[in-house]
Amino acid sequence: MKITQQLPDLPYDKKSLEPIITEETFDYHYGKHHAAYVNNLNTLIKDTPLVDVTVQEIIQYGFQHNDTLLFNNAAQHWNHSFFWHCLSPDEGKKPHGEIKKLIERDFETFEKFKEQFSTSAIKLFGAGWTWLVQNQEGKLEILSLKDAQTPIIENKTPILTLDVWEHAYYIDYRNARPKFVESFWEIVNWSFANQNLK
Ligand code: FE
């Protein structure tokens, strides 16, 4: 998917994922947190050659040059832009198509995959993201990465992600991250996962 240096539109109405994710959460998570990463990024790259490169290239640049502030803001912008598309009010609760086949190939059953992904997301200490990625051989892997870390710098293809920063769930679930993770499975956009496969 194409991620520009601007705050993208949400692919659905802010109310459409209620009660799993409320409009109030979107007002903060998208309208304040994600918007702040975009604003910070634009301030950091203003009047530099980075205004003309892709967000992915800015992430690589920040990583290679140990520019943590640039890396964090660019990666958080990319991760959130990707994350909004991982959710949908219109999908079933089960994977379908190619992603279903690959999950069954690499994790035996959807239930086993779901349990591994959920456990990884619940156990991730502090802030971060749990990812379903495809490695260079095409095999699916679950990765939990801290803070703004993103699989795109590891040459892994992101297929799905779940934001487990507290700002993702505190309004709707308070401290109950496991409940948020469980609810995520009701609104996964499996069509988007299919589009991301190599
Ligand atoms: Fe977030």
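Located above this text is the structure these notes cover.
As a starting point, this report considers the structure included with it. Residue positions within a chain follow its written sequence, with the count starting from 1. Selection of residues for local features in this predicted model requires a pLDDT of at least 70, selection of side-chain atom pairs for listing and counting requires 80 or more, and totals for whole chains, interfaces and linings are taken over all residues. Computation of side-chain values covers all heavy atoms of the structure but excludes hydrogens and water.

Viewed as axis vectors pointing N to C, helix α5 (residues 110-123) and helix α7 (residues 177-184) meet at an angle of 150°, and their least axial separation amounts to 9 Å. For α5 against α7, the interelement crossing comes out right-handed. On the side of α5, the interface is formed by Phe 117, Ser 118, Ala 121 and Ile 122, while α7 contributes Arg 177, Pro 178, Val 181 and Phe 184. Angles shown run from 0 to 180 degrees and are taken between the N-to-C directions of axes, each axis being a line fitted to C-alpha atoms and, for helices, limited to the stretch in contact. Segments assigned H or I by DSSP are reported as helices when at least four residues long, segments assigned E as strands when at least two residues long, and all are numbered from the N terminus. Helix crossings are classified by the rotation of the near helix relative to the far one: an anticlockwise turn of less than a right angle makes the crossing left-handed, while a clockwise turn makes it right-handed. We call two residues in contact when some of their heavy atoms are within 4.5 Å.

All right, on to the packing of helix α1 (residues 23-45) against helix α3 (residues 68-85) then. Their axes nearest at 9 Å, the elements α1 and α3 cross at an angle of 140°. Looking at the two axes, α1 sits oblique to α3. With respect to the hand of their crossing, α1 and α3 are arranged in left-handed fashion. Judged by residue contacts, Phe 26, His 29, Tyr 30, His 34, Tyr 37, Val 38, Asn 40, Leu 41, Leu 44 and Ile 45 of α1 engage Leu 69, Leu 70, Asn 73, Ala 74, Gln 76, His 77, His 80, Ser 81, Phe 83 and Trp 84 from α3. Class assignment for the residues of the contact of α1 with α3 results in 12 nonpolar, 8 polar and no charged. Orientation is classified from the angle alone, with under 35 degrees giving roughly parallel, over 145 giving roughly antiparallel, 65 to 115 giving roughly perpendicular, and any other angle giving oblique. When residue character is reported, Ala, Val, Leu, Ile, Met, Phe, Trp, Tyr, Cys and Pro are called nonpolar, Asp, Glu, Lys and Arg charged, and the others, Gly included, polar.

The next point concerns the pairing of strand β2 (residues 140-146). Looking along a regular strand, one sees side chains alternate from face to face of the sheet. Whether two strands pair comes down to DSSP finding at least two bridges between them. The pairing of strand β1 (residues 128-134) with β2 spans 7 bridges and is antiparallel. Considered in β2, the bridge of Trp 131 is made with Leu 143. In this structure, the hairpin formed by β1 and β2 is closed by a connection of 5 residues, where Gly 138 is found at a positive phi of approximately 95°.

Counted as donors are N, O and S atoms no farther than 2.8 Å from the metal, or 3.2 Å for Na, K and Ca; water is not among the atoms, and sites may therefore look incomplete. Surrounding the iron ion are the protein donor atoms His 29 (NE2), His 80 (NE2), Asp 163 (OD) and His 167 (NE2), which sit 1.9 to 2.1 Å from the metal. Angular criteria define each label, namely tetrahedral for four donors with all angles between 85 and 135 degrees, square planar for four and octahedral for six donors with opposite donors over 155 degrees apart and remaining angles between 65 and 115, and irregular for whatever fails these tests. Considering all 4 donor atoms around the iron ion, angles at the metal cover 87 to 128° and the coordination shape is tetrahedral.

Once that is clear, we can look at α7. Within the span of α7, buried status applies to Arg 177, Phe 180, Val 181, Ser 183 and Phe 184. Take α7 and look down its axis: the buried residues cluster within an arc of 165°, on one side only. In this structure, α7 carries Lys 179 and Glu 182 as exposed residues pointing more than 90 degrees from its buried face. On its buried side, α7 packs onto α5, β3 (157-163) and α6 (170-173). Burial classes: relative accessible area under 20% of the type maximum marks a residue as buried, over 50% as exposed, and values in between as partly exposed (1.4 Å probe, protein chains only). Our arc is simply the arc of the directions from the helix axis toward the C-beta atoms.

With that settled, consider α3. How far a helix is expected to stretch is found by multiplying one less than its residue total by 1.5 Å. Look at α3: 26 Å from first C-alpha to last across 18 residues, which is about the 26 Å you get at 1.5 Å a residue. Among the 18 residues in α3, 14 count as buried, and that is most of the element.

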